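Reading the structure
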Amino acid sequence: MAAPMSLLVEFGGGAELLFDGVKKHQVTLPCQPEPWDIRNLLKWIKQNLLKERPELFIQGDTVRPGILVLINDADWELMGELDYKLQDQDNVVFISTLHGG
Amino acid sequence: MPATCSACGTSPAALRRPKTGHALCRACFLAAFEEETHQAIVAGRLFRPGETVAIGASGGKDSTVLAHLLQLLDQRHGYGLRLLLLSVDEGIAGYRDASLAAVRRHQHRSGLPLHVVSYRQLYGWSMDRIARHLGPRNNCTFCGVFRRQALDRGALLMGADKIATGHNADDVAETVLMNFLRGDVGRLRRGAGAGPAGGEGAVPRCKPLRHAYEKEIVLYAYFQGLDYFSTECVYAPQAYRGYARALLKELEAARPSAVADLGHSGERLSLRSDLRMPARGTCQRCGYVASQPLCKACVLLEGLDRGLPKLGIGKHRRLRDKLQDGQPLTQEERRRLGALAEEEPPEEQVPLGELGRDEELWGKQELRGPRDLDF
């Protein structure tokens, strides 16, 4: 049983526009039987934070190609991507690269 | 914890580089990214000492990183450049006004001089007004053609020898893909967007970041805490480029080198030598580079001014000839060229100021402005 978990979730590079323009979200994830990983964090974000056009953020069970994910300021590609097991007080940042240059 | 940095072997890695797969820490990545940009500048002989370089500044991630890097590398390696920021105001409410605010913040922090040229001053039409006439499609065609000239004009006005733009490896790959899909042999031959990009306009251009992956540019900006503006242009969702972009991102997810490889393809592509290419001349009306009697901007403006906004888009040669011969068009023909049922009142006149006088703008090159002559 995973205990409730407190995270700082941030959106940038234009991704915040899908979240009412709010960049920083201090969130508390509820208790659940299985441990929290990025895969089910994305599901939770889709249900609880995402305000519009979900297809611009999530495709299938992962982020849309072109959105960078940083876990505690490290590229999620080095952290196991969707399988990374979240820890209390983790900082997860989503940055869109898809907006104007 | 992530792996250890493969360069210094001590700090935890902060990213995996898409081109090489190497895991680097923040400090080693920033140093490598800066050094690689410097190497690209040196190897491509992009600048000469004493040159004045206008940096095309949109306020977005690429041009913000480019301006930051050029200023840093110029100081570090003594390029001896005079750097300027040059912005184009297309007149897109809620998009360009906000991004220009980001450019102005950059101007204050960096101390670089900034010059803004606007579509309304240069062409008498803002993009918002063009879009009201044109509808949701083809806006990027107008905007792209007009921006190319606007940058040239601004650069001439500022006395720049060269324009540096923030195009990255992803932009170049998208352009190669688009030109290929459209069979645009002329652009493919000129490097498909991958080449030195000079020679097409009035002022030579260079793309110092054309080998840099978008991911690295964004992470460089993030790790350096650079302030940039990021909102999709209101007219972009209809653009063909968006589809090329989505395709490229999927290709990159499957094989990260796809981005660099496409740019390479664009550079290496060779065309049959007996292929006839349009001769490059100058526009009869404004003197800009053109392969037709009129440059693309003048044809597009002609359509706008006649209330036939689609005149310069697609294949309407027969109707253009008819107009040129002074023959009247039928209602159906006018409709095909996008004529509106009712004329809207003209946009409030902008005081012309120093930028509106085309003779002065083009004076150095003895070129005339696109609005100087009657059709």
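Since this is a predicted model, take the numbers as computed values, not measurements.

Looking now at the overall build of chain A. A count of helices and strands for chain A gives one helix and seven strands. The order of α-helices and β-strands along chain A, N terminus first, is β-β-α-β-β-β-β-β. Of all 101 residues assigned to chain A, the portion counted as buried reaches 54%. Sequence-distant contacts, at least 24 apart, represent 59% of the contacts inside chain A between residues at least 6 apart.

Turning next to unusual backbone geometry. Negative phi is the rule for most residues except glycine; trans is the rule for most peptide bonds. Residue and element names in this part refer to chain A. Of note in this structure, Asp20 is not a glycine but carries a positive phi near 60°. One can find Asp20 in the loop between β1 (5-12) and β2 (24-29). Overall, the relative accessible area of 56% leaves Asp20 in the exposed class. Its identity as a non-glycine residue notwithstanding, Arg53 has a phi of 35°, on the positive side. Mapped onto the secondary structure, Arg53 falls in the loop between α1 (38-48) and β3 (58-59). For Arg53, a relative accessible area of 43% corresponds to the partly exposed category.

Further remarks concern the layout of surface pockets. One number sums up the size of the second largest pocket: a volume of about 580 Å³. What lines the second largest pocket is a set of 28 residues, and nearest its centre among them are Gly66, Trp76 and Glu77 of chain A together with Glu252 and Ala253 of chain B. Of all the secondary structure elements, the ones that give two or more residues to the lining of the second largest pocket are β4 (62-63) and β5 (67-71) of chain A together with α9 (214-224) and α10 (240-254) of chain B. Taken together, the residues of the lining of the second largest pocket sort by class into 13 nonpolar, four polar and 11 charged.

What follows deals with the packing of helix α7 (residues 169-182) of chain B against α10 of chain B. Residues and elements named next belong to chain B. Closest axis-to-axis distance for the α7/α10 pair is 9 Å, and the angle between their directions is 115°. Between α7 and α10 lies a crossing of right-handed hand. On α10, the residues touching Asp170, Asp171, Ala173, Glu174, Thr175, Leu177, Met178, Leu181 and Arg182 of α7 are Tyr240, Arg241, Ala244, Arg245, Leu247, Leu248, Lys249 and Glu252. Residue classes in the contact of α7 with α10 are distributed as eight nonpolar, one polar and eight charged.

Turning to the pattern of salt bridges, a few remarks are in order. All names here are of chain B. For the structure on display, the rule yields 31 salt bridges over all chains. Between Glu214 and Arg245 there is a salt bridge, with the nearest N and O atoms lying 3.3 Å from each other. With Glu214 in helix α9 and Arg245 in helix α10, the pair connects residues that are 31 residues apart, well separated along the chain. Residues participating in the shared-partner salt-bridge network are Lys61, Asp62, Asp170, Glu174, Glu214, Arg241, Arg245, Lys249 and Glu252.

This part covers the UniProt feature "domain: Cytoplasmic tRNA 2-thiolation protein 1 C-terminal" (unreviewed entry) in chain B. Taking the UniProt record as the reference, the feature "domain: Cytoplasmic tRNA 2-thiolation protein 1 C-terminal" (unreviewed entry) is found at residues 281-311 of chain B. Note that residues 281-311 of chain B is 32% helix and 13% strand, and that its end C-alpha atoms are spaced 21 Å apart.

Our next topic: the packing of aromatic side chains. In the structure shown here, the tally under the stated rule is 15 aromatic pairs over all chains. When the centroid spacing of 5.7 Å and the interplanar angle of 70° are considered together, the rings of Phe11 of chain A and Phe57 of chain A count as edge-to-face. Of this pair, Phe11 of chain A sits in strand β1 while Phe57 of chain A sits in the loop between α1 and β3, and the two are 46 residues apart along the sequence. You can call Phe11 of chain A buried: its relative accessible area is 2%. Look at Phe57 of chain A and you get buried, because its relative accessible area is 0%. Seen in terms of ring centroids, Phe29 of chain B and Phe223 of chain B are 6.2 Å apart; in terms of plane orientation they differ by 75°. Their pairing is edge-to-face. Of this pair, Phe29 of chain B sits in helix α1 (residues 26-43) while Phe223 of chain B sits in helix α9, and the two are 194 residues apart along the sequence. Each member of the pair, Phe29 of chain B as well as Phe223 of chain B, is classed as buried. Taken together, Phe29, Phe33, Tyr220, Tyr222 and Phe223 of chain B form an aromatic cluster joined through their ring pairs. When the ring centre of Trp125 of chain B is taken as reference, the NZ or CZ atom of Arg129 of chain B above it lies at 3.7 Å.

Criteria and cut-off values
Residues numbered from 1 in each chain as written. Chains lettered and ligands numbered in written order. Predicted model: local features only at pLDDT ≥ 70, side-chain atom pairs only at ≥ 80, totals over all residues. Heavy atoms only, no water. Helix = DSSP H or I, 4+ residues; strand = E, 2+ residues; numbered from the N terminus. Buried < 20%, exposed > 50% of the residue type's maximum accessible area, 1.4 Å probe, protein only. Contact = heavy atoms within 4.5 Å. 1 Å grid on protein atoms, 1.4 Å probe; cavity = no way out; pocket = protein on both sides within 12 Å on 5 of 7 lines; lining within 4 Å. Points joined across faces, edges and corners; volume = space filled by probe spheres on them. Nonpolar A, V, L, I, M, F, W, Y, C, P; charged D, E, K, R; others polar. Axes fitted to C-alpha atoms, helices over the stretch in contact; angles between N-to-C directions. Left-handed = near helix turned anticlockwise from the far one by under 90°. Salt bridge = Lys/Arg side-chain N within 4 Å of Asp/Glu carboxyl O. UniProt positions renumbered as here; feature names shortened; annotations may be inferred. Phe/Tyr/Trp six-rings, centres within 6.5 Å; stacked < 30°, edge-to-face > 60°. Lys NZ or Arg CZ within 6 Å of the ring centre and 35° of its normal.

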